[in-house]
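# Residue-level structural notes
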Amino acid sequence: MGWRSAEKYMQIRKASKADKENIANLHIASIRQLCRNQYSREQLIAWTSVLTPSIYDHALKEKVVLVAYDSQQDLLGLGILDIENSEISAIYINPDAAGKGIGTKLLNELEMTARNNKIFRITVHSTLNAKSFYMNHGYIAQELALHSLPNGSKLECVRMIKDLSTDAEQRH
């Protein structure tokens, strides 16, 4: 089955500690494949070098971490919502499953969770390659920004916002 039938068999659930290694592997593969045309080789290496399974401990405790998976329990995507800061921290997709609607479904779930937590204006610091994805879902680019990695490296990103109060209907 795998990613080819992701749309038909995909489900979303809250991530657990048992998912950390698979999350790290998906996150790294997504960055290496889907971000490679927007960032230098050196930036990709610096970015992925910090993504060990233990780096997700804080997110699993303090944030909403969702994973999308298929009927074989293979991870197809990852989404993270930081309720305290009204921010989508991450959406990363298995590169083999990109363009299959998984990112949209994760984004819809994160936005619904934000609304349920009385968040009506949400921010995302989008990778350069994902800017059009967010724009297609109603996000408005505000400015270029620098995202600081735990190892001190900096990556250019786009700070974007969305008013969730006027977009109460999920997009399909």
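Above: the structure in question.
Summary of the structure given here. What you are looking at is a predicted structure, and each value in this text was computed from that prediction instead of being measured. Each chain has its residues counted from 1, running along the sequence as written. The predicted origin of the model limits local features to residues at a pLDDT of at least 70 and limits the giving and counting of side-chain atom pairs to 80 or more, whereas totals for whole chains, interfaces and linings rest on all residues. Water and hydrogen atoms play no part in the side-chain values, which are based on all heavy atoms of the structure.

## Overview of the side chain of Arg115
- We count a stretch as a helix when DSSP gives it H or I for four or more residues in a row; a strand needs E for two or more, and each element gets its number in order from the N terminus. Within the secondary structure layout, Arg115 lies in helix α5 (residues 102-116).
- Buried and unpaired, Arg115 has no salt bridge, with Glu111 as the nearest side chain of opposite charge at 4.1 Å.
- Looking at Arg115, its side chain comes within polar contact range of the main-chain oxygen of Leu164, at 3.2 Å. Working definition: with a 1.4 Å probe on protein chains only, accessible area under 20% of the residue-type maximum means buried, over 50% means exposed, and in between means partly exposed. Within this scheme the basic residues Lys and Arg register as positive and the acidic residues Asp and Glu register as negative, but His and the chain ends are omitted. Definition used for salt bridges: Asp or Glu carboxyl oxygen within 4 Å of a side-chain nitrogen of Lys or Arg. Any pair of nitrogen or oxygen atoms within 3.5 Å is treated as a polar contact; in protein, a donor-acceptor pairing is required on top of that, and neighbouring residues in sequence qualify only through side-chain atoms on both sides.

## As for the nonpolar core
- Among the buried residues, those of types Ala, Val, Leu, Ile, Met, Phe, Trp, Tyr and Cys that are joined through side-chain atoms within 4.5 Å form a nonpolar core. Of all hydrophobic cores here, the largest spans 50 residues; its most connected members are Ile23, Trp47, Val65, Ile88, Ile102, Tyr134 and Tyr139.
- The element that contributes the greatest number of residues to this core is strand β2 (residues 64-69), accounting for six residues.
- Here, two residues are considered to be in contact whenever any of their heavy atoms come within 4.5 Å of each other. Every residue in contact with Val65, bar those within four places of it in the chain, is listed here: Arg13, Lys14, Ala15, Ile23, Ala59, Leu60, Leu78, Gly79 and Ile80.

## A few points about unusual backbone geometry
- Despite not being glycine, Ser86 shows a phi value in the positive range, around 50°.
- Tracing the chain through its elements places Ser86 in the loop between β3 (75-82) and β4 (87-93).
- The class for Ser86 is partly exposed, based on a relative accessible area of 22%.
- In the Ramachandran plot, Lys118 falls in the positive-phi region, its phi being about 65° despite a non-glycine side chain.
- Structurally, Lys118 can be placed in the loop between α5 and β5 (121-127).

## Here's the deal with the sheet that holds strand β6 (residues 140-148)
- Here, any two strands with at least 2 DSSP bridges between them count as paired. Strand order across the open sheet formed by seven strands is β1-β2-β3-β4-β5-β7-β6, with mixed pairing between neighbours. With partners counted over all chains shown, the strands left at the sheet margins are β1 (11-14) and β6, one partner each. Averaged over all pairs of adjacent strands, the angle between strand axes in this sheet comes to 25°, irrespective of strand direction.
- Direction of pairing for β6 relative to strand β7 (residues 154-163): antiparallel, over a ladder of eight bridges. Note that in β7 the partner of Glu143 across the bridge is Arg159.
- Fitted lines through C-alpha atoms serve as axes, helices being fitted only where they are in contact, and the angles separating the N-to-C directions of these axes extend from 0 to 180 degrees. Where helix α2 (residues 20-34) meets the sheet, it contacts β2, β3 and β4, and its direction lies at approximately 95° from that of β3.
- This element, α5, spans β1, β2, β3, β4, β5 and β7 of the sheet and lies at about 25° to β3.

Everything listed here is a matter of geometry and, on its own, says nothing about what the molecule does.
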